[in-house]
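Given next are the chains, with one letter for each unit.
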Amino acid sequence: MVTQSRHFADLPPANPVLLTDVSAGVMARVTEIAGHCEDALRLKALGVCSGRTVQVAAAGDPLIVRVAGARVGVSARLAQQVSVVPQLAPPAAAR
Amino acid sequence: MSSAALPIVRRADVQRELTVALVGNPNAGKTTLFNRLTGLRAKTANFPGTTVEHRRGVLRLADGEATLIDLPGLYSLDAVTPDERVARDALVGDLPGAPKPAVAMVVVDATNVERSLFLVAQLLELEQPTIVALNMIDDAQRQGLEIDCEELQLRLGCPVLPVSARTGQGVDKLREAISRAAASVAVAQTTPQALRDCSSCHQCQYAARYDWASSVSAAAVRGEPIVRSKRTEAIDRVLTHRVVGLLCFAGVMALVFLLIFWIAQYPMGWIDGLFGTAGELASRWLPEGDLQSFVADGLIGGVGGMLIFLPQICLLFFTLSLLEDSGYLARAAFVMDRLMYRVGLPGKAFVPLLSAHACAIPAIMSTRVIEDRRDRLATILVIPLMTCSARMPVYLLVTSLLFPERPGMASLAVVGSYALGIFAALAMAWVFKKSLLKGRTKPLVIELPNYRRPSLRNALLTTYDRAWAFVKNAGTTIMVIAVIMWALATYPKVDPQSLPADTQSAIAAAEAAGDDAAAEHLLAQTQLEHSFAGRIGRGIQPAFEPVGFDWRMSIGVVSSFAAREVIVSTLAVLYGIGEEGADDEEGGGARSLLDKLRSSRRTDGRPVFTTATCLSLLVFYVLAMQCLPTQAVTRRETGTWKWPLVQFGYMTALAYTAALVTYQTAAAAGW
């Protein structure tokens with residue numbers, strides 16, 4: 001189990017972290033997807049692409065992200081290629 | 001009539017050439033809409049020159065008919081996977097042998113317009129006549145979503161029709177819209193200006209399309225589909241849990257298998273009885289001789305041997321289709337992914353591997369869900385190692401030989417055989433992914449759709465479709481195989497006069513004693529010994545000597561080359577109790593076969609079926625290919641004969657080596 005002890009409120013908002021390091025319920029803005037392989041393209045086609053906001057619904061391996069109104073299971077190996085900036089807004093306020 | 005006369009083109013002929021392509025996300029209800037529009041008259045086929053499957057059906061319109069092509073479900077047209085490449089080619093008319101569709105109809109999930117609009121954006125960029133079918137509109141309304149179709153139509157620049165494929169609501173209007181769109185081909189579709197603007201100002205095209213999708217969705221859709229997704233999330237907290245989820249999955253699969261085996265036994269019994277009766281009638285009506293034997297044993301026996309597995313295949317496809325439709329299969333792949341990764345396979349390979357415990361054929365057909373070619377090939381190659389139901393008769397025979405009067409130990413040996421098959425399959429998958437099919441296992445990316453009530457109609461249509469594909473494709477091959485195997489076991493005929501003196505006198509003695517059955521069995525035994533199959537078996541017996549098989553077992557291996565369960569009846573014939581002796585349980589036939597086998601001796605007086613030989617035979621039949629119909633399906637699914645050959649080669653080598661090690665070890669231990 002990926003236990004998450006860091007609190008993102010403590011971090012400066014511009015600091016990108018890996019998608020695998022985001023705890024459940026946190027909204028995050030995608031900044032970069034490393035690599036241009038097929039897998040990265042599959043993620044992008046599902047809406048995980050730079051500039052878009054995603055929410056981690058369940059952490060772990062595989063993890064579940066909420067993106068564009070759908071829930072997508074992603075293995076941690078691939079999620080590690082995704083850099084995000086956690087948003088400070090509480091999840092309830094965001095779409 | 002002068003040939004210069006203008007051809008009279010009937011309106012119906014023109015209309016018939018009209019094709020409409022159906023595109024959509026995997027969970028948008030595309031199949032349901034296709035079934036709703038075409039009914040039972042759909043056909044499944046591969047796109048020319050590919051192994052990508054599609055369905056085509058006749059779409060009845062007010063002023064004629066059109067061909068509706070169901071393209072593979074996809075999220076984008078980026079041509080990354082074979083499905084996407086073929087779908088894109090089919091849409092723009094780049095596919096040889098398939099005309100460019102007049103209209104592209106894209107299915108949009110009304111409960112999640114934003115997600116579907118990404119694909120719509122890509123379609124609009126192709127600038128071809130497009131229609132949007134806003135499916136599951138009743139669901140959306142029930143969840144309190146308000147969708148402004150006028151607004152959507154304005155922003156997309158193409159017709160938007162609200163429909164419910166499940167209830168049929170709005171489908172007539174959709175047909176009218178298709179007719180209109182097909183009639184006005186001259187009116188070119190254009191990319192909406194907003195989408196064009198969006199694409200040019202952004203670096204990432206994906207983000208641009210999604211930004212556009214969000215803005216369109218925000219303008220046309222009011223409300224949030226909260227109810228159903230909340231429920232789905234609550235269920236998923238259990239079903240995707242790393243421990244509880246696995247337990248639930250094990251429970252679901254155990255239930256499915258119990259159901260399949262329990263229900264299937266009835267139709268299997270009927271089919272068995274039906275073909276048995278047909279064989280008897282053929283024997284009675286046809287004059288004795290080659291024709292009778294050909295029809296009764298070759299044709300009826302061969303086809304019956306194949307069709308008996310049809311109930312299991314149908315039930316498997318039916319339950320898998322229900323599970324898929326409900327959304328559960330995506331969760332199964334999700335929870336299994338981390339475990340399967342250890343052997344180099346994706347989570348989606350698990351359900352096909354499990355299905356193989358009923359029959360390898362539907363299992364191989366269901367590997368289509370695996371996107372990556374190498375992952376899929378590795379799965380197909382190892383599927384026949386799983387213990388299918390055709391292995392059961394062989395297991396039962398050999399384990400009762402091993403442990404007479406000890407049913408507990410015998411069933412333990414059966415369980416061990418299952419375990420050996422599973423272990424070998426996983427190990428070989430790992431080996432293939434490290435050697436022949438070297439490559440990274442695709443990381444999981446899977447949409448977890450909202451749970452919904454599965455459609456019985458869809459499941460039945462899928463089952464019918466798959467069963468028909470099995471009968472048509474495997475069936476024709478199986479017919480040919482059955483005929484060849486029959487000929488090998490029948491010819492050349494022996495002339496009773498030319499038999500060795502002791503055989504002749506034995507037959508005469510049996511006849512004199514009034515035991516016609518014994519005489520007949522003796523003749524059948526001699527016949528099989530002298531047939532091509534018998535000669536081949538005797539010929540290759542030296543190769544099987546190190547694994548402890550005598551010449552009769554070698555003939556059994558040869559005759560069960562096309563269907564493994566045949567070895568039981570071959571042994572029955574070769575041990576002179578007649579074919580019917582093998583499965584005639586009430587009459588003590590199985591017992592008499594066992595007794596015969598147990599008491600049989602080699603020429604030097606040692607028993608044939610020692611513990612070492614039995615173990616070796618068991619291991620051989622766990623691992624050997626011995627099923628030509630499966631190979632025919634592998635050929636169909638991979639598109640070349642190379643893979644069935646690899647499959648046959650490695651499995652035979654594996655079975656032989658494992659049997660050799662088993663026999664030599666056990667024999668050295670004095671068993």
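Being a predicted model, the structure only gives us computed values, none of them experimental. (Residues numbered from 1 in each chain as written. Chains lettered and ligands numbered in written order. Predicted model: local features only at pLDDT ≥ 70, side-chain atom pairs only at ≥ 80, totals over all residues.)

Let's shift gears to the overall build of chain A. Helix and strand counts for chain A come out as 2 helices and 6 strands. Element order for chain A, N to C, with α for helix and β for strand: β-β-α-β-β-β-α-β. Expressed as a percentage of the 95 residues in chain A, the buried residues total 46%. (Helix = DSSP H or I, 4+ residues; strand = E, 2+ residues; numbered from the N terminus. Buried ≥ 20, exposed ≤ 12 C-beta atoms within 10 Å, placed from the backbone.)

Moving on, we get to the overall build of chain B. The secondary structure content of chain B amounts to 29 helices and 10 strands. Dimensions of chain B, computed from the C-alpha atoms along their principal axes, are close to 95 × 75 × 40 Å. Each of the 671 residues in chain B was classed as buried or not, and the buried ones make up 47%. In chain B, the proportion of contacts linking residues at least 24 apart, taken out of those at least 6 apart, comes to 70%. (Contact = placed C-beta atoms within 7 Å.)

For the rest of this paragraph, the subject is the interface of chain B and chain A. On the chain A side, the residues contacting the 25 residues of chain B number 29 residues. Looking at the side of chain B that touches chain A, the elements with two or more residues in it are helix 4 (113-125), helix 9 (205-220), helix 14 (328-341) and strand 10 (445-447) of chain B. For the side of chain B that touches chain A, the residue count by class is 13 nonpolar, 3 polar and 9 charged. Two elements, strand 5 (residues 70-74) of chain A and strand 10 of chain B, share 3 bridges in a ladder whose sense is antiparallel. Within strand 10 of chain B, the position partnered with Val72(A) by the bridge is Glu447(B). (Nonpolar A, V, L, I, M, F, W, Y, C, P; charged D, E, K, R; others polar. Pairing = 2+ DSSP bridges.)

This part covers helix 13 (residues 310-326) of chain B. Because the α-helix completes a turn every 3.6 residues, residues three or four places apart line up on one side. Residues and elements named next belong to chain B. The end-to-end C-alpha separation of helix 13 is 24 Å, in line with the 24 Å expected for 17 residues at 1.5 Å each. Of all the 17 residues making up helix 13, 15 are buried; the element is thus mostly covered by neighbouring parts of the structure. Residue Gly327 follows helix 13 closely and has a positive phi angle near 100°. (Expected span 1.5 Å × (residues − 1).)

Attention shifts here to the nonpolar core. All names here are of chain B. If you look at the biggest cluster of nonpolar residues, it comprises 214 residues, and the most contacted ones within it are Val132 and Ala133. Considering each element in turn, this core owes the most residues, 10 residues, to helix 27 (residues 611-623). The residues touching Ala133, leaving out its near neighbours within four places in the chain, are Leu33, Met105, Val107, Val108, Leu161, Val163 and Leu174. (Core = buried A, V, L, I, M, F, W, Y, C linked by C-beta atoms within 7 Å.)

A few words now on the sheet that holds strand 1 (residues 17-18) of chain A. Within a sheet, adjacent strands bond to each other through the backbone by hydrogen bonds, running parallel or antiparallel. In space, the 7 strands of this open sheet follow the order 1(A)-6(A)-2(A)-3(A)-4(A)-5(A)-10(B), with antiparallel pairing throughout. Taken across any chain shown, the strands that pair with only one partner, and hence form the sheet edges, are strand 1 of chain A together with strand 10 of chain B. One ladder, built from 2 bridges, connects strand 1 of chain A with strand 6 (residues 82-86) of chain A; its direction is antiparallel. If you follow Leu18(A) over to strand 6 of chain A, its bridge partner there is Ser83(A).

Next up on the list: the environment of Asp89(B). Residues and elements named next belong to chain B. Checked against the element boundaries, Asp89 lands in helix 3 (residues 82-92). Classification of Asp89 by C-beta neighbours within 10 Å gives partly exposed; the count is 19. A C-alpha to C-alpha distance of 24 Å links Asp89 and Thr32, two positions 57 residues apart in sequence. Those residues within four positions of Asp89 in sequence are excluded, and the remaining contacts are Asp94 and Leu95.

Turning our eyes to something else, we now look at the pairing of strand 3 (residues 53-61) of chain B. Residues and elements named next belong to chain B. As paired elements, strand 2 (residues 43-46) and strand 3 share 4 bridges and run antiparallel to each other. Along strand 3, the bridge assignment pairs Ala45 with His54. Following strand 2, the chain reverses through 6 residues before pairing antiparallel with strand 3; Gly49 in that reversal takes a positive phi of roughly 75°. Here strand 3 runs beside strand 4 (residues 64-70); their pairing, made up of 7 bridges, is antiparallel. Across the sheet, Gly57 pairs through a bridge with Leu68, a residue of strand 4. Two successive antiparallel strands, strand 3 and strand 4, enclose a turn made up of 2 residues.

Right, let's get into the sheet that holds strand 5 (residues 103-109) of chain B. Residues and elements named next belong to chain B. Here 7 strands make up an open sheet; going across it, the order is 2-3-4-1-5-6-8 and the pairing mixed. Unpaired on one side and paired on the other, strand 2 and strand 8 (160-162) mark the two borders of the sheet. Across the sheet, the mean angle from the axis of one strand to that of its neighbour is 30°, orientation sign disregarded. Two elements, strand 1 (residues 19-24) and strand 5, share 5 bridges in a ladder whose sense is parallel. When the sheet's bridge partners are listed, Val23 is paired in strand 5 with Val106. (Axes fitted to C-alpha atoms, helices over the stretch in contact; angles between N-to-C directions.)

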